[in-house]
Amino acid sequence: MKGYLVLADGTVYEGTAFGAVGEAIGEVVFNTGMTGYQEILTDPSYCGQIVTMTYPLIGNYGINQDDFEASRSYVRGFIVRETCTYPSNWRAKETLDAYLYRHRIIGLAGIDTRALTKKLRQHGVMQGLITTLPGTVAEMVAKIKQAPPVFGPQLVQTVTTPEPYTIPGPGPRVVVMDFGAKANILRSLNKLGLELVVVPAHATADEIMAYRPAGLMLSNGPGDPTDVPLAINTVRQLLGELPIFGICLGHQIIGLALGGSTYKLKFGHRGANHPVQDLHSGRVYITSQNHGFALAADSLQQLPVEITHLNLNDGTVEGLRHKELPVFSVQYHPEAAPGPEDNEYLFQQFLQLL
Ligand SMILES: NC(=O)CC[C@H](N)C(=O)O
């Protein structure tokens with residue numbers, strides 16, 4: 001069956017549909033990882049987005065039971081150059097096609113993903129409609145224009161845990177504010193022996209302190225960081241009360257809580273090989289990334305924070321540390337999944353602050 005991706009500017013890409021049928025609107029973004037499509041599909045930070053993979057063959061090792069980052073996928077669509085119908089891997093339980101079908105996600109194969117990525121790089125990310133239904137281009141563009149905004153507080157509300165829950169461990173205890181936490185953040189902390197109390201994004205400072213935690217972890221999550229003012233306020237109240245470690249959205253929230261500002265990147269950083277320099281040691285780390293917003297370096301200048309890491313591709317802020325308080329954060333993903341595991345030591349660093 002034919003399927004189409006229509007961008008807000010009227011560009012049409014025709015391909016072959018796989019997975020589910022129907023139509024969906026989202027922000028079209030690209031990820032440059034050569035592998036890791038299962039973790040990407042189940043990373044809640046992609047909620048509201050249509051993801052295109054730049055690597056030309058996707059699905060070749062199927063879908064297994066170990067690599068999920070969440071119990072479901074929140075992507076609005078998945079676009080590849082070629083999808084593999086006969087995956088080969090001893091862990092594979094189903095094909096990518098079967099997974100997308102079960103999760104009602106429309107997939108498109110046969111798309112010139114190179115042209116699409118060049119378009120998004122030149123123009124910047126934009127809204128798109130992925131569809132297997134008939135209609136004229138003008139009608140589809142009108143649907144994109146009339147659709148409710150993709151961003152907003154509803155994204156974090158969709159992916160956060162509805163109720164607090166505990167992951168046992170010998171201790172100390174850490175509260176994780178769940179903005180759409182990837183499973184591997186929880187695994188990485190739990191592996192160090194930490195007991196985790198995972199709380200919804202709307203948890204208050206009093207509710208968090210009532211658990212008598214030794215530290216606070218702020219997770220990754222979808223959307224624009226300025227859309228979660230309550231969480232920013234909660235974090236502001238907890239600065240100085242607890243050691244805090246933030247990853248991605250959590251990093252942006254720490255920056256905002258301290259008085260900094262964020263802005264939207266033209267086409268984001270999504271991939272598994274982004275070079276980041278640790279400004280203390282001068283060492284360059286290869287990092288896993290997935291973000292469309294960033295902290296503005298100049299907004300941090302007058303604040304009691306130090307920029308600890310920079311992205312070597314575009315010079316954007318990749319990490320910060322409070323000058324007096326035990327608070328630090330990174331824009332990239334030390335939990336990898338997918339991507340290099342070279343940055344796992346940051347969890348150890350957090351443990352030492354507790
Ligand atoms: N992975 C994340 O936490 C992403 C943070 C934020 N939603 C962004 O796109 O910048």
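Residues numbered from 1 in each chain as written. Predicted model: local features only at pLDDT ≥ 70, side-chain atom pairs only at ≥ 80, totals over all residues. Heavy atoms only, no water.

### Regarding the sheet that holds strand β14 (residues 244-247)
- Overall, mixed pairing links the ten strands, which are arranged β10-β12-β11-β13-β14-β19-β18-β17-β15-β16 in an open sheet. Looking along the sheet, the strands with just one partner apiece sit at the ends: β10 (165-167) and β16 (284-295). Averaged over all neighbouring strand pairs, the angle between strand axes comes to 25°, with direction disregarded.
- Pairing between strand β15 (residues 262-278) and strand β17 (residues 305-311): three bridges, direction antiparallel. Bridge assignment links Val276 to a residue of β17, and that residue is Asn311.
- Across the sheet, helix α8 (residues 229-238) touches β11 (173-178), β13 (215-218) and β14, and the angle it forms with β11 is around 155°. (Pairing = 2+ DSSP bridges. Helix = DSSP H or I, 4+ residues; strand = E, 2+ residues; numbered from the N terminus. Axes fitted to C-alpha atoms, helices over the stretch in contact; angles between N-to-C directions. Contact = heavy atoms within 4.5 Å.)

### Regarding the packing of α8 against helix α9 (residues 249-257)
- Put simply, α8 and α9 touch, their axes get as near as 9 Å, and they point 70° apart. When the axis of α8 is compared with that of α9, the two are roughly perpendicular. At the point where α8 passes α9, the crossing takes the right-handed sense. Contact with α8, carried on its side by Ala231, Ile232, Val235 and Arg236, involves Ile253, Ile254, Leu256 and Ala257 of α9 and no other residues of that element.
- Across the contact of α8 with α9, the residue classes break down as seven nonpolar, no polar and one charged. (Parallel < 35°, antiparallel > 145°, perpendicular 65-115°, else oblique. Left-handed = near helix turned anticlockwise from the far one by under 90°. Nonpolar A, V, L, I, M, F, W, Y, C, P; charged D, E, K, R; others polar.)

### A few points about the packing of aromatic side chains
- A full pass over the atoms with the stated rule returns eight aromatic pairs.
- Ring geometry for Phe68 against Tyr99: centres 5.8 Å apart, planes inclined by 25°, an arrangement best described as stacked. With Phe68 in the loop between β5 (57-58) and β6 (77-79) and Tyr99 in helix α2 (residues 96-102), this residue pair connects regions lying 31 residues apart in the sequence.
- For Phe68, a relative accessible area of 23% puts it in the partly exposed group. (Phe/Tyr/Trp six-rings, centres within 6.5 Å; stacked < 30°, edge-to-face > 60°. Buried < 20%, exposed > 50% of the residue type's maximum accessible area, 1.4 Å probe, protein only.)

Limitation: the analysis is restricted to geometry and does not speak to function.
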